[in-house]
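So you can see what is in the structure, the chains are spelled out below.
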Amino acid sequence: LAKTTQPISMDSYEGQEVNITCSHNNIATNDYITWYQQFPSQGPRFIIQGYKTKVTNEVASLFIPADRKSSTLSLPRVSLSDTAVYYCLVGDDNFNKFYFGSGTKLNVKP
Amino acid sequence: EAGVTQFPSHSVIEKGQTVTLRCDPISGHDNLYWYRRVMGKEIKFLLHFVKESKQDESGMPNNRFLAERTGGTYSTLKVQPAELEDSGVYFCASSPRRSGSGNEQFFGPGTRLTVL
């Protein structure tokens, strides 16, 4: 089961772009990379998922280099409501369990 | 489409008592997972159902915990007898079983269990 490493915390200001990088050196061929957002007293919420190159949806972009040993979640123009913990998870298409690390606590300031 | 629901949202019991947590996954999702966060630590996997079968229960802490998913729909997690260290937030997640889509798990809001 591939584990991930990401910064414990990050600070940003409203309107800035935030990039959170995650390391997953032992990622396997069948693994996908998924990012979740969690607010206090809520369950983790799916943000974006990718396998390789770049994926973009209405809230974020996910950049994955060719070797897939890392990934970067990009949040454009963050607002105060984006203050949350962000988890980078690696999971295969066999629907196995996720391993949650400590996540990255993003603090967006006014 | 309704999301994953969990009941109760909060439960306070005394040490030695029994508590049953319930999870209703998204309709049609064959995969159901239980996780928990204890004492501000990281979210840890407990077990995984595929329909009514236990696919992986390697995260269950001990035999005081019993999970069931009769009929492959909702699931229950019973703690009997509860101990102080069982306090935490219990999350349920579900995902559809379709190939080529990775593993997008949809999480419920969690049940906060407090054992006094």
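Residues numbered from 1 in each chain as written. Chains lettered and ligands numbered in written order. Predicted model: local features only at pLDDT ≥ 70, side-chain atom pairs only at ≥ 80, totals over all residues. Heavy atoms only, no water.

**Looking at the overall build of chain A**
Secondary structure summary: chain A contains zero helices and nine strands in total. Here chain A has a C-alpha radius of gyration of 13 Å; the compact-globule value for 110 residues is 13 Å, and the two agree. Taken along the three principal axes of its C-alpha coordinates, chain A extends 40 × 30 × 20 Å. Scored against the burial criterion, the 110 residues of chain A give a buried share of 45%. (Helix = DSSP H or I, 4+ residues; strand = E, 2+ residues; numbered from the N terminus. Rg over C-alpha atoms; globule rule 2.2 N^0.38 Å. Buried < 20%, exposed > 50% of the residue type's maximum accessible area, 1.4 Å probe, protein only.)

**Observations regarding the interface of chain A and chain B**
Facing 21 residues of chain A, the contacting portion of chain B comprises 25 residues. Buried area between chain A and chain B, both sides added, is near 1900 Å², and the carbon and sulfur share of it is 51%. Taken together, the links from chain A to chain B amount to zero salt bridges. Counting the contacts that link chain A with chain B gives four residue pairs in polar contact (both at pLDDT 80 or more). Elements with a minimum of two residues in the side of chain A that touches chain B: strand S3 (31-38), strand S4 (45-50) and strand S8 (84-92) of chain A. When residues of the side of chain A that touches chain B are assigned to their parent elements, the largest contribution, four residues, is made by S3 of chain A. (Contact = heavy atoms within 4.5 Å. Buried area = accessible area lost by both parts, 1.4 Å probe. Salt bridge = Lys/Arg side-chain N within 4 Å of Asp/Glu carboxyl O. Polar contact = N/O pair within 3.5 Å; in protein donor to acceptor, adjacent residues only side chain to side chain.)

**Some points on the environment of Thr56 of chain A**
Residue and element names in this part refer to chain A. Within the element layout of this structure, Thr56 appears in strand S5 (residues 53-56). As a C-alpha pair, Thr56 and Ser74 span 18 residues in sequence and 9.3 Å in three-dimensional space. Beyond its immediate stretch of four places on either side in the chain, Thr56 contacts Ile48 and Ser61. Here Ser61 takes part through its side chain, which lies 3.1 Å from a polar atom of the side chain of Thr56.

Note that all results are geometric; they support no functional claim without further evidence.
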